[in-house]
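# Analysis of the macromolecular model
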Amino acid sequence: MVKRKPDYPQFVEKADKKIEVLQSRIERLTELIQDSRRILQKHLATLENKSSHFDRYYELLPSDPEAAAELKEEKKLDVTKERADNKEDMICADELRIDEARKAIACLRRLKADLLRYNPIQRQVRSKVVQEQYYFAGTKHWAIPNSVWKTFQDIFSPPKYRMRPKREGAYGGRRYDDLNLQHCVVDPQRIPNQFLTEFGFPVPDKGMNTLQRLMFKEGQIGNMADFFTNHLEPLEKPARGRRVRNNYRLLVVNNFGSEHDGKIVYPRYVTTEEETVRRKVPQVFDNAYATLRKTEHVDRQYKGETRFIINTEEDLKRLQQNLLALRGQKGDEAEAEKDGIKSELREKLSEFARSVTYHKRMAKADLVKVADLRDKLDRENLGASLARILKILRHLKTRRDEVFTTSLAAPEDAKTLDEQIDRAEKVIQLYSSSFELIHQDGDSKHLMHLRGLESLKLRPFNLYAARLLESADSISRMDGEVAPKQAEALKAYAVTRLFDNNRRLEYTLCDAHALPVDPGLEISLEYLRDLYRTVQAVEVDDFGFVFDKIKIALGNLADQLRQKNEDDADDEAGLYKMFQSGLKEIDFQELADELG
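Residues numbered from 1 in each chain as written. Predicted model: local features only at pLDDT ≥ 70, side-chain atom pairs only at ≥ 80, totals over all residues. Heavy atoms only, no water.

Turning next to the overall build of the protein chain. Regarding its fold elements, the protein chain presents 21 helices and 6 strands. For the protein chain, the C-alpha radius of gyration of 35 Å lies well beyond 25 Å, the compact-globule estimate for 596 residues. If one aligns the C-alpha atoms of the protein chain with their principal axes, the spans along those axes are about 115 × 80 × 65 Å. Residue pairs in contact within the protein chain that sit at least 24 positions apart in sequence constitute 71% of those at least 6 positions apart. Surface accessibility of the protein chain: about 32,800 Å² in total, with carbon and sulfur atoms responsible for 49%. (Helix = DSSP H or I, 4+ residues; strand = E, 2+ residues; numbered from the N terminus. Rg over C-alpha atoms; globule rule 2.2 N^0.38 Å. Contact = heavy atoms within 4.5 Å. Areas by Shrake-Rupley, 256 points an atom, 1.4 Å probe, with all protein chains shown as cover.)

Turning next to the packing of helix 17 (residues 482-514) against helix 18 (residues 521-536). Axes are the key here: two packed helices are described by the angle between their axes and the distance separating the axes. One way to put it is that helix 17 packs onto helix 18 with a least axis distance of 10 Å and a crossing angle of 165 degrees. Between helix 17 and helix 18, the crossing angle belongs to the class labelled roughly antiparallel. Judged by the sense of rotation from one axis to the other, the crossing of helix 17 with helix 18 is right-handed. Of the residues in helix 18, those touching helix 17 at Asn 501, Arg 504, Leu 505, Thr 508, Asp 511 and Ala 512 are Tyr 527, Leu 531, Thr 534 and Val 535. When its residues are assigned to classes, the contact of helix 17 with helix 18 shows 5 nonpolar, 3 polar and 2 charged. (Axes fitted to C-alpha atoms, helices over the stretch in contact; angles between N-to-C directions. Parallel < 35°, antiparallel > 145°, perpendicular 65-115°, else oblique. Left-handed = near helix turned anticlockwise from the far one by under 90°. Nonpolar A, V, L, I, M, F, W, Y, C, P; charged D, E, K, R; others polar.)

Here the focus is the side chain of His 231. Assignment of secondary structure puts His 231 in the loop between helix 10 (221-230) and strand 3 (232-234). Once you skip the residues sitting within four places of it in the chain, His 231 turns out to touch Asp 226, Val 252, Val 253, Asn 254, Asn 255 and Phe 256.

Turning next to the sheet that holds strand 4 (residues 251-253). Ordered by their spatial adjacency, 4 strands build an open sheet running 3-4-5-6, and the pairing between neighbours is antiparallel. Each having just a single partner strand, strand 3 and strand 6 (279-285) make up the two edges of the open sheet. Neighbour-to-neighbour, the strand axes of the sheet open up by a mean angle of 35 degrees, direction not taken into account. Across 3 bridges, the pairing between strand 3 and strand 4 is antiparallel. Paired with Glu 233 across the two strands is Val 252, which belongs to strand 4. (Pairing = 2+ DSSP bridges.)

Per-residue confidence for the protein chain gives a mean pLDDT of 84, with 90% of residues at or over 70. Here helix 2 (residues 51-63) is the element of the protein chain with the lowest mean pLDDT, 67, and helix 10 is the one with the highest, 94. (pLDDT = per-residue confidence, 0-100.)

Quick look at the nonpolar core now. Core analysis: the largest hydrophobic core is formed by 66 residues, its most contacted members being Phe 435, Phe 461, Leu 498, Leu 528 and Leu 583. It is helix 17 that contributes the most residues to this core, 11 residues altogether. With residues near it in sequence (within four places) discarded, Phe 435 still touches Leu 447, Leu 468, Ser 471, Ala 472, Ile 475, Ala 489, Ala 492 and Tyr 493. Counting 57 residues, the second-largest nonpolar core is a separate cluster that includes Leu 40, Cys 184, Phe 195 and Leu 232. (Core = buried A, V, L, I, M, F, W, Y, C linked by side-chain atoms within 4.5 Å. Buried < 20%, exposed > 50% of the residue type's maximum accessible area, 1.4 Å probe, protein only.)

A few words on a positive patch on the surface. Taken together, the side chains of Lys 369, Lys 376, Lys 391 and Arg 394 define a basic patch exposed on the protein surface. Here Lys 376 shows up in the loop between helix 13 (358-370) and helix 14 (382-407). A relative accessible area of 79% places Lys 376 in the exposed class. (Patch = residues over 30% accessible without salt bridge, like charges linked within 9 Å, V, L, I, M, F, W, Y side chains within 5 Å. Salt bridge = Lys/Arg side-chain N within 4 Å of Asp/Glu carboxyl O. Lys, Arg positive; Asp, Glu negative; His and termini not counted. Charge placed at Lys NZ, Arg CZ, Asp CG, Glu CD.)

What follows concerns the pattern of salt bridges. One pass over the full model with this rule turns up 35 salt bridges. Among the salt bridges present, the one from Lys 426 reaches Asp 422, with a minimum N-O distance of 3.2 Å. Here the residue Lys 426 and the residue Asp 422 both occupy positions in helix 15 (residues 409-441), the gap between them amounting to 4 residues, near one helical turn. On the basis of relative accessible area, Lys 426 is assigned to the partly exposed category, the value being 49%. Its relative accessible area of 36% is what places Asp 422 among the partly exposed residues. Among the charged side chains, a salt-bridge network with shared partners connects Lys 150, Asp 154, Arg 162 and Lys 280.

Burial within strand 5 (residues 264-270) is extensive, with 5 of its 7 residues counted as buried. As paired strands, strand 4 and strand 5 are joined by 2 bridges and run antiparallel to one another. From the neighbouring strand, Val 252 faces strand 5, where its bridge partner is Ile 264. Sheet topology note: the strand 5/strand 6 ladder contains 7 bridges and is antiparallel. Bridge pairing links Tyr 269 to Lys 280 in strand 6.

Structural data, given as structure tokens:
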């Protein structure tokens, strides 16, 4: 019988490493206990020798305490007793640690055995439906149309188990969005805790071990498939037979409750520390403005990384040529040249940040090996160093190609979000003008022919749209009476002005986010002053108290920033973090509730 490979060899390997560490700890503690026992015997022997002094001390203590204290101090009776007691305590503590380590080893061995038997991926692969209806495309045949089917597997499926239907049609015309996600092979460890928490799904308890967490997440596979099938839709949904730019990269939550509807799931490719193949991770954003900030940040990141890779490649090619010229040369001048190259290589190594992507990690690891121009036998070897530099250049080129492919998406995503935001803002602005006119003359005809609120699905627009639709419906049902219409219109107009303040605040965060450095105190305060002036300009009669709360919040934030600057003037990153979090803490939906 062929022994099946475990689905999670990395966890088995980690268990083995932990067992090895614990066994080393037991050996070390055993040696310490043996040494401590030898020292304790010496202390006990000393105490035995001093037993007559102890007897004399207790005889003197009732009649002559001063003489007893002098004897105690002279013979250092307490010191010897304290040393013996301390050594006994140390031995007990080390024995307890050994006992705990042995228990931990026993638990890890049981866990390792259970992990070797736990094969959720293999169970899914052997499913009758999977075997009959699909084939495994892996990475070679994975160029399929964008769809929820593709996105779901990019996130949750191991690359070699990504599936395509066997009956796709003569020209691959099968509608992938019609396929059942429940059939996909899902790796439980790919389900992020943060994603579960964001949408109110159960999460593993902190006390669970690796296997228990995996088994718990296995129970969430059905929920994930249902969520992606029924509660996520592309920001730009294509008509049948048509392709739409960058659809399925921005997914909007729909029909999942008012607490979550309108959030954006933005799957992005990453490379984890353990993996060499990039995979998607679903990031969740509360509103369209926050997602826009992220796309712009990603674009800047990719541009910066591309510049770094190109500069590194050029520097390494130059050093490569210098090394080629030095081959076979000897003497002080050649050694000085080599020292200069070593210095440049070490400087280039220091420029590598903590590299998460596989090819940058490999490039950095090879650069560490080549920095001293020596080979595995610790000999100066320019030939081996040149070969390693070639390997580094190959890794950097592969990563540069990856960045180029992925970076094309960020500007497109930003453009799509810009269009959606602009359209939503214009719709709300039109309704704002209409409600203002109704407040003035009480005539509901100003709402005639206005459309668009019903189609606003993104946050925060959908939340404001729901309130405005409610007011518009209420006004349309009022017969003749002018005063009630004017009152309802004023409330709706106040909602639109509250949205306007919300919009300005979001753009302030976007502007601050786009700065090349963190905004200092003066820039942050100028932003707050601009926001304050915007709020100050709002006039909505009886609803001024709501806007006063915004002004108070802005004033308090300004005071906190000044205090933070006095306490630590050099911590501009901390200042910006306070600025960001302070603005985000202004709850506009709570303020909208106060409007009634």
